[in-house]
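# Per-entry structural report
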Amino acid sequence: NAGVTQTPKFQVLKTGQSMTLQCAQDMNHEYMSWYRQDPGMGLRLIHYSVGAGITDQGEVPNGYNVSRSTTEDFPLRLLSAAPSQTSVYFCASSYSRVQGNQPQHFGDGTRLSIL
Amino acid sequence: DAKTTQPNSMESNEEEPVHLPCNHSTISGTDYIHWYRQLPSQGPEYVIHGLTSNVNNRMASLAIAEDRKSSTLILHRATLRDAAVYYCILQGAGGTSYGKLTFGQGTILTVHP
């Protein structure tokens, strides 16, 4: 049981480039989300999904797109990378949106630098 | 979103108990109290959660005040591996608030050998 898997672990981009951060979970979780963590700060919610085909914006969605075509995968796309998007990105999942007491499982993160 | 207040840092010696406090005076009746921790260069890790009653699991204990306006995470015997940032987070029970974890600064726990 791999849990939440994020790829790549590290990435360096130039300003204006695009890329997709991958997130996959093998726990059949309905709920998935993306957070970013800037140095010395807590995590901030970017986008989330309550099930396949359903996504919504979090606290800091600008500059990012998401889609949820399957239960397992929830990729995060940067359309035109900016230095302000340099951060560590975490993907998380949990079992169900119905029961609010479900703990969330986090991946190990993708460390992204935009030059 | 209801907010939490935690001390910026705490220190402990190995093998001693640690009590990490959290204030959440604006908690609503349906908010669960969750604790996560983040070890260096890793993603947050779920520790424990509760609603009204005290909770125990293999990692820690959670003591919740009767008025639910504060809680305490208890590590019974700290180890060097417990050195991490600990986050106290309120999670809504459902609807649009579900799953939206609002992370504060957390408490940096240092464990001395």
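As a starting point, this report considers the structure included with it. (Residues numbered from 1 in each chain as written. Chains lettered and ligands numbered in written order. Predicted model: local features only at pLDDT ≥ 70, side-chain atom pairs only at ≥ 80, totals over all residues. Heavy atoms only, no water.)

## A closer look at the state of the cysteines
Residues and elements named next belong to chain B.
- This structure, assessed with the given rule, holds 2 disulfides over all chains.
- Here Cys22 engages in a disulfide with Cys88; their sulfurs sit 2.1 Å apart. With the S-S bond torsion at -85°, the cross-link from Cys22 to Cys88 turns out left-handed. Here the residue Cys22 occupies a position in strand S2 (residues 18-23), and Cys88 occupies one in strand S8 (residues 84-91), the gap between them amounting to 66 residues. As far as burial versus exposure is concerned, Cys22 and Cys88 are alike and both buried. (Disulfide = S-S within 2.5 Å. Helix = DSSP H or I, 4+ residues; strand = E, 2+ residues; numbered from the N terminus. Buried < 20%, exposed > 50% of the residue type's maximum accessible area, 1.4 Å probe, protein only.)

## Focus on the sheet that holds strand S7 (residues 70-75) of chain B
All names here are of chain B.
- One open sheet accounts for 4 strands, arranged S2-S7-S6-S5; its pairing is antiparallel. With one partner strand each, in any of the chains shown, S2 and strand S5 (55-56) form the two edges of the open sheet.
- The pairing of S5 with strand S6 (residues 61-64) spans 2 bridges and is antiparallel. Along S6, the bridge assignment pairs Asn56 with Ser61. (Pairing = 2+ DSSP bridges.)

## A few points about the pairing of strand S9 (residues 87-94) of chain A
Residues and elements named next belong to chain A.
- With 8 of 8 residues buried, S9 lies mostly within the body of the structure.
- The alternating pattern of S9 places Ser87, Tyr89, Cys91 and Ser93 and Val88, Phe90, Ala92 and Ser94 on opposite faces, both of which are buried.
- In the sheet, strand S4 (residues 31-37) pairs with S9 via 7 bridges, with the strands oriented antiparallel. Following the sheet pairing, Tyr31 is matched in S9 by Ser94.
- Pairing geometry for S9 and strand S11 (residues 110-114), over 3 bridges, is antiparallel. By the bridge assignment, Val88 is partnered in S11 with Arg111.
- In this structure, S9 lies alongside strand S10 (residues 105-106), joined through 2 bridges in antiparallel fashion. In the sheet register, Ala92 faces S10, and the bridge partner there is Phe106.

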